[in-house]
Amino acid sequence: MSHELLLLSPYKYPGQYPLTLAEEDMASWLNAYTALWHPALLFEAQGPPRVEQPYDHENPKAGFVYVVPTTPPVYLPDDWPARVQAAGAITFAATPDRPATLEALKAALNAEGAPKLGLPEALDDLPADLMSLFFGLGMGYLMQGTLAEAMEHENLLEAAAFWEEVQSALRAMIAPEAPKPAEPTTAEMTQAAVAVTEDLPTDEPPSFNPDDLPPPPEPPPPPPVDAWLKHLQAAAMKLLSAREVLYPVNIHLLDLHLLDPEKFDAPLPSPVELGLACNILASSADLEKCSNRKPELFQLLKTQVQSELIEIVGGLYLDRPDHLLPWDSQVWNLSHGLRTAQRLLGREIRVFGRREFGYHPMLPLALSTHGLTRTLFLTFDEDSAVPTYTNAVVSWTSPDGKEVYAFVRPPKKASLAETFFNLGNTWYKTTREDHNALMFFVHKGEPELPWYRDLIALGKLAPVLGTWETFSKFMTDVMPGEYPPPLAADDLHHDVLSKRIEAKLDDPVSGFARHLRLRRRLDGCWTFAALYRALAGAGDTLLVDDTLVSLENVFESQAQLGTEPGGLTELEKTVAETLAARLQARAKDDQPGTMLLNPCGFARRIALEIEGSKHPIPVEGPVKACQLDGNLLRVVVEVPAFGFTWIPKEGTPNTPPMPSRMKLGDEQTLTIRNEFFEVEVDAATGGLKAIRDHKSRVNRLGQQLVFNPGSRMVATEINVTSSGPALAEIVSIGTIIGPQDQVLANFKQRLRTWLGRPLLEMKIELEPVQAAAGYGWNAYFGARFAWRDERTLLVRGIHGSRHISSHPRPQTAEYLDLRIGQFGTTIITGGLPFHQRQEGRMIDVLLIPEGEKTTTFELGISLDRDVPALTALGLHSPLAQVPTTKGPPHIGSSGWLFHMDMPNFLITRLLPGKRETRPEGTPAPTEPEHAITAQILECTANSGHAEFRCFRDPKRAVVLNGKGDFLNDTSIVGDAITLEVSPLDWIQLQVEW
């Protein structure tokens, strides 16, 4: 008996325009349609399933199979089920759940009194994978017809031939053809002929002839394809032929699965099971976990990667908010991640991608210097902001001009029924609007929806919808469609704070500040080891390279930011003492003092407090100021770039105290000052009332401690605790009062100025009485800074470079710079990254949101600095203080080992030994290499020549990229190496002796 298949719904499958319903409504519709493609219903049906209006079938007809979605409700007569039964038709309900829908279908077919449609029992209960082929074919049929209608083009599908192929496939499944006997192979025929000739009589003994030997057996023929599968493939090819009339160009299908390290036991993605190309986004740390916990799964992935069926998108070792971490932490994360992935997979990562947001304007620079030219520029959460583009691939350029090809098309979530309900519209739009049509699906660890597997099954029959590809293949074939200018910092934003608060961390803010300081301590160890290598050469007995690598790996790979690795303090002491001993090898004995070692590439004015001194030391040479309070020696010392300064432990008994050049503290006016600026404290609040330079006397900045959304700062005690001659200090103590006059927190704020040091030090101690709770950006304790003129530009530092910002929540862990006219006021945030504007001329530095346990914070303010990045880096960097029993060094009490003559070239650290890539198989040297490598960032967007001077004439100097590949030689004149660096570029300079 022939029958017809109908879906009764007021909604058609969307084509020209999208249609969004409730998720359960769209899921019910899709299940209703695909259920009609069940083989048991297709057999001997008059034609493919159709979608028609319910009101056209208020009076059912015999020989019809109706499916009605349960949601949204379809308006039919109340007695419509009885009418169906009386008419000799069949109906069943489709729910949002496919198994339930198929059970309803089965129950309807087997119901008592249901008409028998001649459905063979062989098609009643089939494997799910086999049915997916039919369901996928149905989706292809629906999509092809929708595309033709949306394009307002005649549907040129050979409908009769298509349907005949479907019916032939069903008939072949019911009564499969007997396999034909296989033709004998050449080897079998040869062996038979030999057997016959062996039985024949012969008069002469046979002579041996190698040519008479039978040929080797031929490989077995491939297994035959089932007849029913051939017919399904033929039907799919007819859909493909009809689609190619409408759109004859290849359509790219991209599929991205986000590897979840906690769900390795989850079923494999359908493309992996069915042998189609797909992409997996995974950090190298997650790949390591997978290889350790599920070696059989990882081996399968590795095999598929090497056969080009799977593309591992990644490159980072850890997914973390790199845009708020130091540059050297990012370099480690990328380089270590690339090396780990290559070791595990046996091939390099070709497409960069990250699961968590970590984008910033200089990311293309980091990627290109490490050999990555293709990246995903996407976010996979709802609280991130990146630019939108028309094309799928754009050229993403860093400020220095380096570019990568970035895939920017937002994905369709494969976990939503809406994606598949509006897939026809998506297909139509991409063929109409994109130069290279594509559809992109993303999986975030949720279970696969059944329609997704249907599409994968359709891809096994024929590329009706398009070809499933890896990102590297797609981005090799497709060129960028847009070339936008370099991005600004405000173009990218992510609410890191809320995510860290939701994760119940006890350091959502302070973790970044601790990480920054620990990173600088580690960089200091690297730098001191490099300085010692430069001095000792092959006689280097320190040999801490491997120890430093291990320590850095432990520090950077920890899940919690700012966790000090074991052994760092001991290593700092060992490296600094060894370097100091080398510098003092020829110093005079019995001269106790302190050796100060500077790991920064610029001179620093350092304020020290040394216990146990009885006499002041002379203010001369590198000593800029000295003050003795009891047995506490307070001194300001200048230490050269990558250099040292030796100061005696104390002066001689007849050393006069430093004369007071100016009154540094005034109890009456609550003012402290030095030769650079004057600071006034508000008597009522205890906050910073004004900071003025001596020349213009313009108030640059004011500050208070606040609780957002509302509070007032009340001082109970303000004291000038030091008035010079070297240190001026004022301390405020009080409370933060809420709108109901309740005490929210107690505070202590200390402001310090040192003679000869152009920096105001701020130390804030907060003791919350009522803890902050709720949304992190609305409920927090913070330091609020205010300025006078709303025309002032707010500039934030991003990895040394400066970016004008108008964002209401600018994020940076380096500094905020207020610029108007000739004035520049820099707020050094101490590594605290979260800030929020208030009205037009105020900004809050967030200190304590919900969950934050740290209560002490250190910030700084400086005026009119040409390169604020240097001031900020100097405040965050350590200074090694090594007590010595002899000194000063024979070359003098102060000196440098390396020096860069341009302040805009920021050297973040020195590394001992070579970093140049060695040919594969070349063993590592057994002796220390007499070389160092300097990592250099240009931070003011100015190019030009600079001289990197060394304490000894170098033999060779080369510029390397991030991977250690050779870029170019540099010229050497005496002790100077000439460099030319592009604006905002990053290079590695390798120097050899």
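Residues numbered from 1 in each chain as written. Predicted model: local features only at pLDDT ≥ 70, side-chain atom pairs only at ≥ 80, totals over all residues. Heavy atoms only, no water.

**Considering the overall build of the protein**
Alright, step 1. For the protein, the count of helices and strands is 22 helices and 48 strands.
Alright, step 2. Judged by the C-alpha coordinates and their principal axes, the protein covers about 120 × 100 × 40 Å.
Alright, step 3. Per-residue burial over the protein gives 56% buried out of 993 residues.
Alright, step 4. Counted over contacts in the protein with a minimum sequence separation of 6, partners at least 24 positions apart contribute 74%.
Alright, step 5. Summed over all atoms, the accessible surface of the protein reaches about 41500 Å², with 52% contributed by carbon and sulfur.
Alright, step 6. Counting 89 positive and 126 negative side-chain charges, the protein places the centres of these two groups 10 Å from one another. (Helix = DSSP H or I, 4+ residues; strand = E, 2+ residues; numbered from the N terminus. Buried < 20%, exposed > 50% of the residue type's maximum accessible area, 1.4 Å probe, protein only. Contact = heavy atoms within 4.5 Å. Areas by Shrake-Rupley, 256 points an atom, 1.4 Å probe, with all protein chains shown as cover. Lys, Arg positive; Asp, Glu negative; His and termini not counted. Charge placed at Lys NZ, Arg CZ, Asp CG, Glu CD.)

**Examining empty space enclosed by the protein**
Alright, step 1. Scanning all chains against the criterion turns up six cavities of 30 Å³ or more.
Alright, step 2. Lining the largest cavity are 25 residues; nearest its centre among them are P326, W327, L516, E814 and L873.
Alright, step 3. Going through the elements one at a time, α12 (327-345), α19 (510-536), β31 (793-798), α22 (868-876) and β41 (905-912) are the ones with two or more residues in the lining of the largest cavity.
Alright, step 4. In terms of residue count, α19 provides more of the lining of the largest cavity than any other element does, five residues in total.
Alright, step 5. Here the lining of the largest cavity is built from residues that sort into 13 nonpolar, seven polar and five charged.
Alright, step 6. Here the second largest cavity defines a volume of roughly 130 Å³.
Alright, step 7. For the second largest cavity, the lining is made up of 13 residues, of which H323, Y359, L492, R796 and Q811 are closest to its centre.
Alright, step 8. Looking at the lining of the second largest cavity, the elements that each hand over two or more residues are β15 (493-494) and β31.
Alright, step 9. For the lining of the second largest cavity, the per-class residue count stands at seven nonpolar, five polar and one charged. (1 Å grid on protein atoms, 1.4 Å probe; cavity = no way out; pocket = protein on both sides within 12 Å on 5 of 7 lines; lining within 4 Å. Points joined across faces, edges and corners; volume = space filled by probe spheres on them. Nonpolar A, V, L, I, M, F, W, Y, C, P; charged D, E, K, R; others polar.)

**So, the environment of L36**
Alright, step 1. You can see L36 is positioned in the loop between α1 (23-35) and α2 (39-42).
Alright, step 2. In the structure, L36 is positioned 31 residues away from V67 in sequence and 7.7 Å away in space, judged by C-alpha atoms.
Alright, step 3. For L36, the residues in contact, after removing those within four places along its chain, are L5, L6, L7, L41, L42, P49, V67 and F92.

**Some remarks on the environment of G371**
Alright, step 1. Locating G371 in the fold gives a position in the loop between α13 (363-369) and β8 (374-376).
Alright, step 2. For G371, a relative accessible area of 48% corresponds to the partly exposed category.
Alright, step 3. When the C-alpha positions of G371 and K963 are compared, they lie 7.2 Å apart, and in sequence the two are 592 residues distant.

**Concerning the pattern of salt bridges**
Alright, step 1. Under the criterion given, the structure shown has 59 salt bridges.
Alright, step 2. The partner of R796 in a salt bridge is D490, and the shortest N-O contact between them spans 2.6 Å. Taken together, the residues span a long stretch of sequence, with R796 in strand β31 and D490 in the loop between α17 (471-477) and β15 at a distance of 306 residues.
Alright, step 3. Owing to a relative accessible area of 4%, R796 belongs among the buried residues under this scheme. (Salt bridge = Lys/Arg side-chain N within 4 Å of Asp/Glu carboxyl O.)

**Focus on α19**
One turn of an α-helix holds 3.6 residues; hence residues three or four places apart share an orientation.
Alright, step 1. Taking 1.5 Å as the rise per residue, α19 with 27 residues should run 39 Å; its terminal C-alpha atoms sit 39 Å apart, in good agreement.
Alright, step 2. Along α19, 25 of the 27 residues are buried, which leaves the element largely enclosed by surrounding structure.
Alright, step 3. Looking one or two residues beyond α19, the residue adopting positive phi is G537, at roughly 60 degrees. (Expected span 1.5 Å × (residues − 1).)

**Quick look at the side chain of S862**
Alright, step 1. Its place among the elements puts S862 in strand β37 (residues 856-863).
Alright, step 2. If we ignore the near neighbours within four places in the chain, the residues touching S862 are P758, L759, G824, T825, T826 and T871.

**Examining the layout of surface pockets**
Alright, step 1. By volume, the second largest pocket amounts to about 1300 Å³.
Alright, step 2. Considering the residues around the second largest pocket, the lining is formed by 47 residues, among which R604, R605, I606, R757 and G874 are closest to the centre.
Alright, step 3. Listing elements by their share of the lining of the second largest pocket, those giving two or more residues are α19, β17 (604-611), β28 (743-754), β29 (760-768), β37, α22 and β40 (898-900).
Alright, step 4. With six residues, the single largest contributor to the lining of the second largest pocket is β17.
Alright, step 5. Looking at the lining of the second largest pocket, its residues break down into 23 nonpolar, eight polar and 16 charged.

**Some thoughts on the packing of helix α5 (residues 128-150) against helix α15 (residues 423-433)**
Alright, step 1. Between α5 and α15, the least distance of the axes is 9 Å, while the angle of their chain directions is 50 degrees. In terms of orientation, α5 and α15 fall into the oblique class. Here the hand of the crossing between α5 and α15 comes out right-handed. Residues M143, Q144, T146, L147 and A150 of α5 lie in contact with α15, whose contacting residues are L423, G424, W427, Y428 and T431.
Alright, step 2. Its residues assigned to classes, the contact of α5 with α15 shows six nonpolar, four polar and no charged. (Axes fitted to C-alpha atoms, helices over the stretch in contact; angles between N-to-C directions. Parallel < 35°, antiparallel > 145°, perpendicular 65-115°, else oblique. Left-handed = near helix turned anticlockwise from the far one by under 90°.)

**Examining the environment of M900**
Alright, step 1. With respect to the element layout, M900 can be found in strand β40.
Alright, step 2. Expressed as a C-alpha distance, the spacing of M900 and F602, which sit 298 residues apart in the sequence, is 7.7 Å.
Alright, step 3. Setting aside its immediate chain neighbours within four residues, M900 contacts F905, I907, I936, A946, E947, F948 and L979.

**So, the packing of helix α6 (residues 159-174) against helix α8 (residues 227-246)**
Alright, step 1. Running from amino to carboxyl end, α6 crosses α8 at an angle of 165 degrees, the nearest separation of the two axes being 8 Å. Accordingly, the angle class assigned to the pair α6 and α8 is roughly antiparallel. Of the two elements, α6 crosses α8, and the hand of that crossing is left-handed. Across from A161, F162, E165, V166, S168, A169, A172 and M173 in α6, the residues of α8 making contact are A227, W228, H231, L232, A234, A235, K238 and L239.
Alright, step 2. Of the residues assigned to the contact of α6 with α8, the class counts are twelve nonpolar, two polar and two charged.

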